[in-house]
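# Coordinate analysis (summary)
Each chain is listed here by its residues.
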Amino acid sequence: MFTTGAESLLHQAREIQDEELSRFCSRIVKLLQKDPGAEAVDALRRLFLIISATKYGRRLEKPCMDLLQTTLCSPTCPEQLQLLCAAILREMAPSEGLALSCDHIQNSRTLSLAASVLLAQGDRQDEVRNVGQRALQLLEARQPEGPGPRPLLPVLSKVVSLAPGTLPQAQADLLHRRLVDWLRYASIQQGAAQPSGGFFSAPRTRQPGPVTEVDGAVATDFFTVLSTGQRFTEDQRLNVQAFSMLRTWLLSSGPTSAGAADADDRSELEGSTLSVLSATSATASHLLPPQQQLRAGAFEYCQRLLEQSTRRALRRGDSDLQKSCLVEAVQLLDVLCRQEPSFLYRALSCLKALLGRLCGDPAQARALLPIARFLLSHGEAAAVDSEAICQHLFSSVPAELFPSPMLAFEFAQFCRDSLHLFSPDQGIFKPSFPSLFKLLAWHSPALTSEFVVLLPALVDAGTAVEMLHALLDLPCLTAALDLQLRSSPAASSERPLWDISLRPTSCLEGFRDPQFQGLFQYLLRTKAGGITKRLAPLHRLLQPMASCARVVQCAEAVPTLLQVFFAAVTQVADGALTAQLALVLLERSNFLFQVPQYEAQVHRVMSSQFLALCRLRPALVVELARDLLDFVGSVSGIHSRERMFTAVVWAVGEYLAVSYDRRCTVEQVNRFFESLEALLFEVTQSRRSATLPPCPPQVVTVLMTTLTKLASRSQDLIPRVSLLLSKLRALPQGPAMGSAPRDEDTDTIRTRATELTNLLKMPSVAQFVFTPGTEASTPRFHRDANTALPLALHTVSRLMDREAGLPVA
Amino acid sequence: MVHAFLIHTLRAPHAEDTGFCRVLYSCVFAAEKSPDDPRPHGAERDRLLRKEQILAVARQVESMCRLQQQASGRSPMDLPPQSSDEPTSLHEAPHGAFRLAAGDPFQEPRTVVWLGVLSLGFALVLDAHENLLLAEGTLRLLTRFLFDHLRLLAPSANLLLRADRVEAILTRFLPHGQLLFLNDQLVQGLEKELSAAWPL
């Protein structure tokens, strides 16, 4: 709809040459000077497009720039022109030589427009501070005419968020006092209607009534953002603006807001006074310094909002606003309690009352998160049990509300921000990973980066194996969640949240079939139980859903998460756990949900992680010898999991040695040798059927190399290996290796066979090369003059040459 | 506070890669503090960086929207044109949020809240730890007004040469990137003022 027209316009705008642009600028100058009307507006719109269409800077002539700035600053100009001039100058920012300055601006609306340009300059000339100063000066001036202070508040909010703590205390105090006025003492009568009659009619304005709450009742206390009416007065609008900027202001205003340490120091000195004063009614608060007054006022505002949010709003927009206000009020209470610890007791009692009401209501789940955060951060101070709410959050919220993308994101963000607050003894966060995985499985593109941070915190030695299985089954979980949505009782009434392009009738029947109940319940559990169940029957049942888009997206995220998992688990895994994890890799390499390309990607990660585990604990190979022997036992295993097979064979070759584990016996080496020898013989010599693909040369070479390594350790195997290698060197380029062997492959195999045979002619060298021992991997072995082999050899040969009377080289 | 607001094109998820993702309108409310750069052309580079940052956000929103629509099995033209009294249609449009780490592409860590309606994407780039419920509500409000006041559903709709109207809407409902807690009546009042000052 938009693309073609937009494309050509953008293209035209970009293609305009500098000459044409400067002619256009002169035309604009003329239009603006003569009579700024519709033509001028049209020209400015085009200029805006020309400037904004390209990422490269455009130069405008100086007269044009100056005129734009003048137009911006003249309050008599129509709003349309002013907005366009401001937009153009803002788009060009940062521009050098901008003459615009806020020092002489008297009108608050004009200052707001100028600020939008000045704040975009990147603060090279202290613009942020200048704008802030000027705004405060205008605020102080209290002009009776004109737009009033309302346009200044967003400017101040922006300045303070860009440069926190730069306002001097006296000026900040001025704003503190004004904010308290606007927040607590706004009018509670509705705004008067404009007299609608003409010149001759008497002003018959009805008395405007009091403001109402969102449920229609008459307002019971001071005006807040949740108070409504037909029309609003100016101070009521200021109330809205003041509350909107309150949190930013509290966080960044004044030097005392820097860090909680200051708050603690102050509270010790003033704690007693403050607690006495804040415990009294609001009228006593004028005794407090301005900043404390603001905090007291803000606290009362939050309490009022929490009460107002219990009402049943008549309009949907208001009910949405109630939720936003709830979240904001809780976040404000958090800031206030950090700054004034004496507020904590009252805040906690408010929130506990609120919790009871919100816990049962799924529509309010997003409001529970900031409350939980509050209780977690301030919990120890008041000895409040935050466990119950966290328990509720982790067990029921993701399970019921996972389809909502905003809830999923906020939940993940809550976990990320609260990581340092979850106590490990409570056992709530870590065992809840199955619940969190539901959010990940459903929204994998958006949440994968969040879980890259969360996963290391969720990893625990007790549940690691269960988590590994859960990660490998994540696409399966996605499919199961989709079926769960389709089968839920509310499914027919609401707009479908599942994939509507799919109709998996057989899977749905299976979901409802009692035979699969146990497995589905296990898959959809919310807490880690320490037991693992094999889900192979579910893989088969859910196969028709394996290519649906959401499952594929989830499957694409799993390899990354597996890497993160292993990086984290190797920090906490002991020997037994490492062995268990390695076994899981071996076992699951054949039992994965068959999503297109999933198996290949996961095998790549599995094989590299298996090798990493073996590198970490070389004794693993000897410990798991029997399982590894089973794994490499059959030829059919090679084709379905070539990478894992290669990795296992390589690991056997590297680490099946006495130097890595004293329990390694000659029988073990011989058993492996026989098994691998038979395998190599089978893949290279016997006739292959036309249907099986040819054996990849990597497999052949790794088998050869491993057999040679084993032979170098158990030297009576050397003749057998030599025989095998000589057969491989004499490989014909015929169909024995498969239907269409490449010359390079056979050449590689032959070359490798030759190298290995040569090495085996010197058994002790072979042993050194293939089983160098752990010292060889340290740099010192090669640098230290006493132990470095090349140096020793060189010295010996020089001595021997001198002995023999030959000239020393 | 909001760091930036942008409107960009959304290409259909199953179409081939024809064309690019275009930013049709963007407003960055204040520049990030630029590092002390005494080299000449520092200003131009800052501007280039700013434009690239916005384009990076637009591209990421586009791909998130495409993935979400593919996952739900819907096509982007599913949303039937609704009259302006029906805000519910916006509640069902694809939407979401994601986090941007520090340095990628903005200096500070930021959160993006986005909404995809027909072939246009709307996004708010927020400071970290903003009130996301409010941001989501504000974004829907802005989108609704943009569709109504710019008549974006009409066949000859054009956004590019009507930036003044977009600015007018932003000045009232998102001044300097300040998210406002506006109840329904107040929104209606502001909209009446807007229609009076800027007749359709």
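Keep in mind that this is a model prediction, so the values were computed, not measured. (Residues numbered from 1 in each chain as written. Chains lettered and ligands numbered in written order. Predicted model: local features only at pLDDT ≥ 70, side-chain atom pairs only at ≥ 80, totals over all residues. Heavy atoms only, no water.)

## Some points on the overall build of chain A
- A count of helices and strands for chain A gives 38 helices and 0 strands.
- Buried residues in chain A amount to 53% of all 809 residues.
- Taking all contacts inside chain A whose residues are at least 6 apart in sequence as the whole, residues at least 24 apart take part in 73%.
- Looking at chain A as shown, the accessible area adds up to about 36,700 Å², and 54% of this sits on carbon and sulfur atoms. (Helix = DSSP H or I, 4+ residues; strand = E, 2+ residues; numbered from the N terminus. Buried < 20%, exposed > 50% of the residue type's maximum accessible area, 1.4 Å probe, protein only. Contact = heavy atoms within 4.5 Å. Areas by Shrake-Rupley, 256 points an atom, 1.4 Å probe, with all protein chains shown as cover.)

## Some details on helix 4 (residues 62-73) of chain A
All names here are of chain A.
- With 12 residues, helix 4 should cover 16 Å at 1.5 Å per step; its first-to-last C-alpha distance of 17 Å lies within 8% of that length.
- Burial in helix 4 covers these residues: C64, M65, L67, L68, Q69, T71 and L72.
- Residues of helix 4 that are buried sit in contact with helix 2 (18-34), helix 3 (38-53), helix 5 (79-92) and helix 6 (108-118). (Expected span 1.5 Å × (residues − 1).)

## Topic: the state of the cysteines
Residue and element names in this part refer to chain A.
- One pass over the full model with this rule turns up 0 disulfides over all chains.
- Sulfur of C302: no disulfide; nearest cysteine sulfur belongs to C350 and is 9.1 Å away.
- With no disulfide partner, C507 has as its closest neighbouring cysteine sulfur the one in C548, 9.6 Å distant. (Disulfide = S-S within 2.5 Å.)

## Structural notes on the sheet that holds strand 2 (residues 23-28) of chain B
Residue and element names in this part refer to chain B.
- In space, the 5 strands of this open sheet follow the order 2-1-5-4-3, with antiparallel pairing throughout. A single partner strand is all that each edge strand has here, and the edge strands are strand 2 and strand 3 (95-100). Across the sheet, the axes of successive neighbouring strands diverge by a mean angle of 15 degrees, strand direction being ignored.
- With 6 bridges connecting them, strand 3 and strand 4 (residues 110-117) associate as antiparallel partners. (Pairing = 2+ DSSP bridges. Axes fitted to C-alpha atoms, helices over the stretch in contact; angles between N-to-C directions.)

## Digging into the interface of chain B and chain A
- Opposite the 80 residues of chain B that make contact, chain A presents 89 residues.
- Buried area between chain B and chain A, summed over both chains or domains, comes out near 7,800 Å², and the portion from carbon and sulfur atoms is 55%.
- If you sort the residues of chain B by the area they bury against chain A, R99, H176 and F181 of chain B come out on top, with a joint share of 11%.
- Counting the contacts that link chain B with chain A gives 13 salt bridges.
- Where chain B packs against chain A, one counts 36 residue pairs in polar contact (both at pLDDT 80 or more). (Buried area = accessible area lost by both parts, 1.4 Å probe. Salt bridge = Lys/Arg side-chain N within 4 Å of Asp/Glu carboxyl O. Polar contact = N/O pair within 3.5 Å; in protein donor to acceptor, adjacent residues only side chain to side chain.)

## Section: the pattern of salt bridges
All names here are of chain A.
- Across all of its chains, the model carries 45 salt bridges over all chains by this definition.
- Residue R247 is joined to E328 by a salt bridge in which the shortest nitrogen-to-oxygen separation is 3.3 Å. One end of the pair, R247, is in helix 10 (residues 234-252); the other, E328, is in helix 13 (residues 316-339), and 81 residues separate them in sequence.
- Each of E213, D215, R304, E307 and R311 takes part in one network of salt bridges that share partners.

## Let's talk about the packing of helix 2 of chain A against helix 3 of chain A
All names here are of chain A.
- At a closest axis distance of 10 Å, the pairing of helix 2 and helix 3 adopts a crossing angle of 150 degrees. Crossing handedness for the pair helix 2 and helix 3: left-handed. Contact residues: helix 2 offers L21, F24, R27, I28, L31 and L32, while helix 3 offers E39, A40, A43, L44, R46, L47 and I50.
- Broken down by class, the residue content of the contact of helix 2 with helix 3 amounts to 10 nonpolar, no polar and 3 charged. (Left-handed = near helix turned anticlockwise from the far one by under 90°. Nonpolar A, V, L, I, M, F, W, Y, C, P; charged D, E, K, R; others polar.)

## Some remarks on the side chain of E410 of chain A
- Take E410 of chain A: it is sitting in helix 17 (residues 405-417).
- Leave out the neighbours within four places in its chain, and E410 of chain A touches R366 and L369 of chain A together with L132 of chain B.

## Quick word on empty space enclosed by the protein
- Following the criterion strictly, the structure yields 9 cavities of 30 Å³ or more and no others.
- Here the largest cavity is characterised by a volume of approximately 180 Å³.
- Contributing to the lining of the largest cavity are 19 residues, with P405, H443, P445 and A446 of chain A together with Q68 of chain B lying nearest its centre.
- A breakdown of the residues in the lining of the largest cavity according to their chemical character gives 12 nonpolar, 6 polar and 1 charged.
- Counted as a void, the second largest cavity has a volume near 130 Å³.
- In terms of lining residues, the second largest cavity is bounded by 13 residues, among which H469, A470, D473, L523 and R525 of chain A are the most central.
- Every element with two or more residues in the lining of the second largest cavity is listed here: helix 18 (433-442), helix 20 (464-472), helix 21 (474-487) and helix 23 (517-523) of chain A.
- It is helix 20 of chain A that contributes the most residues to the lining of the second largest cavity, 3 residues altogether.
- Here the lining of the second largest cavity is composed, by residue class, of 8 nonpolar, 1 polar and 4 charged. (1 Å grid on protein atoms, 1.4 Å probe; cavity = no way out; pocket = protein on both sides within 12 Å on 5 of 7 lines; lining within 4 Å. Points joined across faces, edges and corners; volume = space filled by probe spheres on them.)

## Quick look at the confidence of the model for chain B
All names here are of chain B.
- For chain B, mean pLDDT is 86; residues scoring 70 or higher make up 84% of the total.
- Note on residues 80-85: pLDDT is under 50 here. Beyond four places in sequence and across chains, it has 5 contacts.
- Confidence metrics for the complex model read pTM 0.89 and ipTM 0.94. (pLDDT = per-residue confidence, 0-100.)

## Describing the packing of helix 3 (residues 132-149) of chain B against helix 5 (residues 184-197) of chain B
Residue and element names in this part refer to chain B.
- Relative to each other, helix 3 and helix 5 sit at 30 degrees, their axes nearing to 13 Å. In this view, helix 3 runs roughly parallel relative to helix 5, as classed from their interaxial angle. The interaxial crossing formed by helix 3 with helix 5 has right-handed handedness. Residue-level inspection shows L141, R144, F145 and H149 of helix 3 in contact with helix 5, the latter providing V187, E191, L194 and S195.
- Residue composition of the contact of helix 3 with helix 5, grouped by class: 4 nonpolar, 2 polar and 2 charged. (Parallel < 35°, antiparallel > 145°, perpendicular 65-115°, else oblique.)

## Here we look at the packing of aromatic side chains
Residue and element names in this part refer to chain A.
- Considering all chains together, one arrives at 21 aromatic pairs over all chains under this definition.
- Between F411 and F414, the ring centres sit 6.2 Å apart and the planes meet at 75 degrees, which makes this aromatic pair edge-to-face. Highlighted residues: F411 and F414, both in helix 17, separated by 3 residues, approximately one helical turn. Both residues of the pair, F411 and F414, belong to the buried class.
- Ring centres of F511 and F520 lie 4.8 Å apart, and the angle between their planes is 70 degrees; on these two criteria the pair is classed as edge-to-face.
- Judged by relative accessible area, which is 13%, F511 ranks as buried.
- Through successive ring pairs, a cluster of aromatic residues spans F394, F411, F414, F422 and F429.
- We note R184 situated over the ring of F222; from NZ or CZ to the ring centre the distance is 4.2 Å. (Phe/Tyr/Trp six-rings, centres within 6.5 Å; stacked < 30°, edge-to-face > 60°. Lys NZ or Arg CZ within 6 Å of the ring centre and 35° of its normal.)

## Observations regarding the nonpolar core
- Core analysis: the largest hydrophobic core is formed by 313 residues, its most contacted members being F437 and F565 of chain A together with F5 of chain B.
- Among the elements that line this core, the one with the most residues is helix 25 (residues 549-572) of chain A, at 12 residues.
- Not counting residues within four places of it along the chain, the set of residues in contact with F565 of chain A comprises L455, V459, A464, M467, L468, L471 and L581 of chain A. (Core = buried A, V, L, I, M, F, W, Y, C linked by side-chain atoms within 4.5 Å.)

## What to know about helix 20 of chain A
- Of all 9 residues making up helix 20 of chain A, 9 are buried, and the element is well covered by its neighbours.
- All of the buried residues along helix 20 of chain A are A464, V465, E466, M467, L468, H469, A470, L471 and L472 of chain A.

## Focus on the pairing of strand 4 of chain B
Residues and elements named next belong to chain B.
- Among the 8 residues of strand 4, 8 are classified as buried, and the element is accordingly described as predominantly covered.
- What you see with strand 4 is no split at all: R110, V112, W114 and G116 on one side and T111, V113, L115 and V117 on the other are buried throughout.
- Bridge count for strand 4 against strand 5 (residues 120-127) is 8 bridges, and the pairing is antiparallel. Within strand 5, the position partnered with V117 by the bridge is L120.
- Linking strand 4 to strand 5, which pair antiparallel, is a turn of 2 residues; within it L118 sits at a positive phi near 50 degrees.

## Re the domain arrangement of chain A
All names here are of chain A.
- Domain annotation for chain A reports domain 1 (429-487 + 504-612) and domain 2 (617-731 + 744-800).
- Distance from the C-alpha centre of domain 1 to the C-alpha centre of domain 2: 34 Å.
- Tallying the contact residues gives 15 residues for domain 1 and 15 residues for domain 2.
- Summing both sides of the interface, domain 1 and domain 2 together bury roughly 1,400 Å²; the carbon and sulfur share of this comes to 74%.
- On the domain 1 side of the contact with domain 2, L586, F610 and L611 bury the most area, a combined 35% of that side's loss.
- The interface formed by domain 1 and domain 2 includes 0 salt bridges.
- Where domain 1 touches domain 2, the interface holds 2 residue pairs in polar contact (both at pLDDT 80 or more).
- Within the residue set of the side of domain 1 that touches domain 2, elements represented by two or more residues are helix 26 (575-588) and helix 27 (598-616).
- When its residues are assigned to classes, the side of domain 1 that touches domain 2 shows 8 nonpolar, 6 polar and 1 charged. (Domains from an automatic or database assignment.)

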